[in-house]
Amino acid sequence: VSTISTEADVRTLLLASDDDLRSLWPQLVHELGGYLSALYLLPPHDPADLIAWRRVTGHFLFLPYADARWLCGLMNVDERTPASEVLWLTADARVGPREREAFLALVRFGFESLGMERVEWRSLSAESCAELAKAAGMRREGVFPLALVGPPGEQDLILYGALREEWERR
Amino acid sequence: VGTPVTRSRNLYLRTFQDEDAERMNQLRCDHDLSALVFGAQQIPESAAETIEWAREWRKHPRHLMWAVCRREDDVAIGVATMEGIDRWNRTLWHGLNLFTQESRAKGLGTEGFALALDYIFNEMHYRATYGEILASNVPARRISEKTGAEYVGGRRRAWFIHGRGEDTVLIVQRPERFNEVRAACLGLDN
């Protein structure tokens, strides 16, 4: 991996290499099949799909810390709107200090390095996710009912969004 | 519910062809309508460019595009689009756009959209479709409401139109609610 260096000094995040993606792909598909599908990936295809997806879309994919077994990132970076969406690829909804630090670094990267005016996140319906969104100044903006099918049954996705001024005064 | 149909009182669905893209060019070049549909005003383009754009769009494995045609003269008046097709969770994002102003305010948007929803729910067996509409686009919201949509939220300043961030509303369509109004929307209720 290589460390990203930006004006916002996002020291937490490590750009994921193609090898990282190849290594993590089988685990991600196993744990997050339905969620990946909702993100327009097509499991259980080859990890090359994930690598190509990043190249074609320009999404930023990060390891949140060295040796992490999950990914996060910013996707749908729209420089015209300008808006972006947090990508959070872990099956574990628990939020510890490292997850919180990574999440805030991602949102900071969007607002302060990429110049976004809006950053959003589609998350699982868990209290820990709601608290994480709130820490980044995000408001709950909506819900996508029945978005996911998984072993626990049907799940909704919750939409959170923060505007630049909400991030700055969080 | 009845057998899924591809023909309603005034309209029918068929696969999208290059000649439909020529008519769609009018929509993509319209100063006001293109912003409502694409979330941003489009740079005017040639018919050949629209044809090429539509070909590329249809190649995507998660996209479908159908032409909405008038039964009386076989003219394509609009397009039904499906993107983000999620075959795992059986959801997708929908769109229904009429090509020109002359087709609007005649109930054809509702009828064409209902044709697409009927096929998506009752033939393809999808669980839900999602849509996003400019909050100020009252006619499009009305079509969604008439076909059974539920409002599930909105994205603030999500579209950038004519120099301003504009709010959108998010809707979900489910088969149960759609099927309650299906016959009336398709003009098949009498």
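See above for the structure.
Residues numbered from 1 in each chain as written. Chains lettered and ligands numbered in written order. Predicted model: local features only at pLDDT ≥ 70, side-chain atom pairs only at ≥ 80, totals over all residues. Heavy atoms only, no water.

Undergrad: Which parts of the structure should I look at to understand the overall build of chain B?
TA: On a plain count of helices and strands, chain B comes out with 6 helices and 7 strands. For 190 residues, the compact-globule estimate of 2.2 N^0.38 gives 16 Å, and the C-alpha radius of gyration of chain B, at 16 Å, lies within 12% of that figure. With the principal axes as the frame, chain B shows a C-alpha extent of 45 × 40 × 35 Å. A total accessible area of about 8600 Å² is found for chain B, and carbon and sulfur atoms account for 48% of it. (Helix = DSSP H or I, 4+ residues; strand = E, 2+ residues; numbered from the N terminus. Rg over C-alpha atoms; globule rule 2.2 N^0.38 Å. Areas by Shrake-Rupley, 256 points an atom, 1.4 Å probe, with all protein chains shown as cover.)

Undergrad: Can you help me understand the state of the cysteines in this one?
TA: Here, disulfide denotes a covalent bond that connects the sulfur atoms of two cysteines. If you walk through the whole model with that rule in mind, you get 0 disulfides over all chains. Lacking any disulfide linkage, Cys129 of chain A is separated from the closest cysteine sulfur, that of Cys72 of chain A, by 13 Å. Under the relative-accessibility criterion, Cys129 of chain A is labelled buried at 6%. We note that Cys185 of chain B lacks a disulfide partner, and the nearest cysteine sulfur, in Cys69 of chain B, lies 20 Å from it. (Disulfide = S-S within 2.5 Å. Buried < 20%, exposed > 50% of the residue type's maximum accessible area, 1.4 Å probe, protein only.)

Undergrad: What's the story with the interface of chain B and chain A in this structure? I'm lost.
TA: Frequently, the measure chosen for interface size is the accessible area that the parts lose on association. Taken residue by residue, the interface counts 25 residues in chain B and 30 residues in chain A. Approximately 2400 Å² of surface area, both sides summed, lies buried where chain B meets chain A, with 48% of it carried by carbon and sulfur atoms. Looking only at chain B, the three residues that lose the most surface to chain A are Arg62, Trp88 and Arg156 of chain B, adding up to 29% of its buried area. Linking chain B to chain A there are 5 salt bridges. (Contact = heavy atoms within 4.5 Å. Buried area = accessible area lost by both parts, 1.4 Å probe. Salt bridge = Lys/Arg side-chain N within 4 Å of Asp/Glu carboxyl O.)

Undergrad: Honestly, helix α1 (residues 18-29) of chain B in this entry has me stumped. Any pointers?
TA: Within an α-helix, residues lying three or four positions from one another point in the same direction, as the helix has 3.6 residues per turn. Residue and element names in this part refer to chain B. In this model α1 runs 17 Å from its N-terminal to its C-terminal C-alpha over 12 residues, within 8% of the 16 Å that 1.5 Å per residue would give. Within the sequence span of α1, burial applies to Asp20, Ala21, Met24, Asn25, Leu27 and Arg28. An end-on view of α1 places all buried positions within 165° of arc, on one side of the element. Each element contacted by the buried residues of α1 is listed here: β1 (11-15), α2 (33-38), α3 (47-59), β2 (64-70), β3 (76-86) and β4 (91-98). (Expected span 1.5 Å × (residues − 1). Arc of directions from axis to C-beta.)

Undergrad: I tried to follow unusual backbone geometry on my own but got confused; where do I start?
TA: A negative phi angle characterises most non-glycine residues, just as the trans form characterises most peptide bonds. In this chain, Thr81 of chain A is followed by Pro82 of chain A through a cis amide linkage whose omega measures -20°. For Pro82 of chain A, the location among the structural elements is in the loop between β4 (71-78) and β5 (83-89). In this model, Arg90 of chain B sits at a positive phi of 55°, which is unusual for a non-glycine residue. Looking at the secondary structure, you find Arg90 of chain B in the loop between β3 and β4.

So far we have only geometry, and geometry alone does not tell us how the molecule works.
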